[in-house]
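Commentary on secondary and tertiary structure
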Amino acid sequence: MRKPFVAGNWKMNTDGHGAVKLAEEVVAGCGETAGHKVDVAVCPPFVYLQQVGKALHSSHIALGAQDVYFEQKGAFTGEISAAMLKDTGCTYVICGHSERRHVIGETDELINKKVKAALAGGLLPILCVGELLEQRKANKTTDVVTRQMKEGLAGFSAEKVEAVTIAYEPVWAIGTGLTATPEQAQEVHALIRGLLTEMYGKKLSNEIRIQYGGSVKPDNAGELMGQEDIDGLLVGGASLKADDFAAIVKAAV
Ligand code: PGA
């Protein structure tokens with residue numbers, strides 16, 4: 001049995017005061033549920049990690065970052081290492097989010113290095129994959145997701161990959177209010193599970209959690225979670241409202 005895992009990606013939102021307030025409200029709303037039947041994490045902007053970490057301290061809600069750089073230290077102005085994230089109390093880190101792929105221009109090769117660095121630094125990576133609308137329309141979803149999975153996980157042994165969570169986020173569903181239907185999502189989740197079986201064997205592929213992301217809301221979370229290969233949710237917009245996020249966490253149990 002895979003334990004459900006819900007993570008909130010706050011993206012470039014909140015300010016110092018608002019981040020702490022939101023974290024406190026999330027603890028009040030789903031602190032009791034988190035950790036027992038469902039793993040829960042929030043991923044605030046880098047600069048608020050420590051403050052949010054403090055606000056989460058008494059709960060089982062984990063702290064995650066939205067990105068990491070692959071080098072350990074040195075002259076990489078503006079970048080943040082895995083060790084720094086670990087130092088601020090992070091457990092998880094999102095790698096290869098579609099906004100980093102398509103707005104910032106990250107490649108599969110770079111994302112692979114980031115996942116590697118995260119694991120080497122003792123963080124649990126959430127590797128995001130997903131197709132653009134034009135790729136779906138051109139029936140390229142399988143090709144795109146297969147490439148992102150194979151290149152994103154290139155060079156990983158089974159032992160390493162165990163610590164990775166995959167997040168399938170169709171880009172056309174992110175922040176658009178358009179959610180993939182549970183059937184559309186399940187189809188790609190099953191593809192991802194199949195790829196993991198091919199790459200690492202059945203036992204491991206059965207253990208790896210695959211989150212769905214893209215306009216997840218309290219009213220669609222339960223139905224998405226009802227799908228066989230959907231093991232959790234990566235929530236953007238709705239994670240900025242503590243009540244909505246708590247409702248999503250509860251729907252995931
Ligand atoms: P959304 O974002 O829930 O606002 O669509 C999801 C994500 O980008 O992780």
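Not measured: the values here are computed from a predicted model.

1. Considerations on the overall build of the protein chain
When helices and strands are counted, the protein chain shows twelve helices and eight strands. Taken over C-alpha atoms, the radius of gyration comes to 17 Å for the protein chain, in line with the 18 Å a tight globule of 253 residues would show. Based on the C-alpha atoms only, the size of the protein chain along its principal axes is roughly 45 × 45 × 35 Å. The buried share of the protein chain, taken over its 253 residues, is 53%. If the 26 positive side-chain charges of the protein chain are averaged to one point and the 31 negative ones to another, these points end up 2 Å apart.

2. Examining the site of the ligand
With respect to spatial proximity, 13 residues lie near the ligand, and among them Lys-11, His-97, Glu-169, Gly-175 and Ser-215 are the closest. Between the ligand and Glu-169 there is a distance of 2.6 Å, counted from an oxygen atom to a side-chain nitrogen or oxygen. Considered on its own, the ligand offers 280 Å² of accessible surface; in the complex 96% of this is hidden by protein. Looking at the shell around the ligand residue by residue, the classes come out as four nonpolar, seven polar and two charged.

3. Quick look at the packing of helix α5 (residues 108–120) against helix α7 (residues 141–152)
Packed helix pairs are specified by the crossing angle of their axes together with the interaxial distance, meaning the distance between the axes. The contact between α5 and α7 brings their axes to 8 Å, and the two run at 45 degrees. The orientation of α5 relative to α7 falls into the category oblique. Judged by the sense of rotation from one axis to the other, the crossing of α5 with α7 is right-handed. Contacts between α5 and α7 pair Asp-108, Asn-112 and Val-115 from the former with Arg-147, Gln-148, Glu-151 and Gly-152 from the latter. Taken together, the residues that form the contact of α5 with α7 break down as one nonpolar, three polar and three charged.

4. As for helix α12 (residues 242–252)
Given 3.6 residues per helical turn, the α-helix brings residues three or four places apart onto the same face. Residues Ala-242, Phe-245, Ala-246, Ile-248, Val-249 and Ala-252 constitute the buried set of α12. The buried residues of α12 all sit within an arc of 160 degrees when viewed along its axis, so they share a single face. Lining the buried residues of α12 we find β1 (5–9), α1 (16–30), β2 (39–43), α11 (218–225) and β8 (232–235).

5. A short note on the pairing of strand β7 (residues 210–213)
The two faces of β7 match: Ile-210 and Tyr-212 on one face and Gln-211 and Gly-213 on the other face are all buried. The pairing of strand β6 (residues 165–168) with β7 spans three bridges and is parallel. By the bridge assignment, Tyr-168 is partnered in β7 with Tyr-212. Two elements, β7 and β8, share three bridges in a ladder whose sense is parallel. Bridge pairing links Gly-213 to Leu-234 in β8. In this region the chain leaves β7, passes through α11 and returns to the parallel neighbour β8; the handedness of that crossover is right-handed.

6. Remarks on the nonpolar core
Within the largest apolar cluster, 68 residues are counted, with the highest numbers of intra-cluster contacts made by Leu-153, Ile-166, Ile-192 and Tyr-212. Apart from residues no more than four positions distant in its own chain, Tyr-212 is found in contact with Tyr-168, Pro-170, Ala-173, Thr-179, Ala-180, Ala-185, His-189, Leu-224, Ile-230, Gly-232, Leu-233 and Leu-234. Listed in part, the eleven residues of the second largest apolar core include Ala-7, Cys-43, Ile-126 and Cys-128.

7. Notes on the sheet that holds β8
Taken in spatial order, the eight strands close into a barrel running β1-β2-β3-β4-β5-β6-β7-β8, and their pairing is parallel. Across this sheet, the average inter-strand angle for adjacent strands is 25 degrees, counted without regard to direction. Direction of pairing for β1 relative to β2: parallel, over a ladder of five bridges. When the sheet's bridge partners are listed, Val-6 is paired in β2 with Val-40. Sheet strands touched by α7: β5 (124–129) and β6. Its angle to β5, the strand with the most contacts, is close to 155 degrees.

Reading the values: rules and limits
Residues numbered from 1 in each chain as written. Predicted model: local features only at pLDDT ≥ 70, side-chain atom pairs only at ≥ 80, totals over all residues. Heavy atoms only, no water. Helix = DSSP H or I, 4+ residues; strand = E, 2+ residues; numbered from the N terminus. Rg over C-alpha atoms; globule rule 2.2 N^0.38 Å. Buried < 20%, exposed > 50% of the residue type's maximum accessible area, 1.4 Å probe, protein only. Lys, Arg positive; Asp, Glu negative; His and termini not counted. Charge placed at Lys NZ, Arg CZ, Asp CG, Glu CD. Near = heavy atom within 4 Å. Polar contact = N/O pair within 3.5 Å; in protein donor to acceptor, adjacent residues only side chain to side chain. Areas by Shrake-Rupley, 256 points an atom, 1.4 Å probe, with all protein chains shown as cover. Nonpolar A, V, L, I, M, F, W, Y, C, P; charged D, E, K, R; others polar. Axes fitted to C-alpha atoms, helices over the stretch in contact; angles between N-to-C directions. Parallel < 35°, antiparallel > 145°, perpendicular 65-115°, else oblique. Left-handed = near helix turned anticlockwise from the far one by under 90°. Contact = heavy atoms within 4.5 Å. Arc of directions from axis to C-beta. Pairing = 2+ DSSP bridges. Right-handed = clockwise from strand over helix to strand, strands pointing away. Core = buried A, V, L, I, M, F, W, Y, C linked by side-chain atoms within 4.5 Å.

The values are spatial; any link to function lies outside them.
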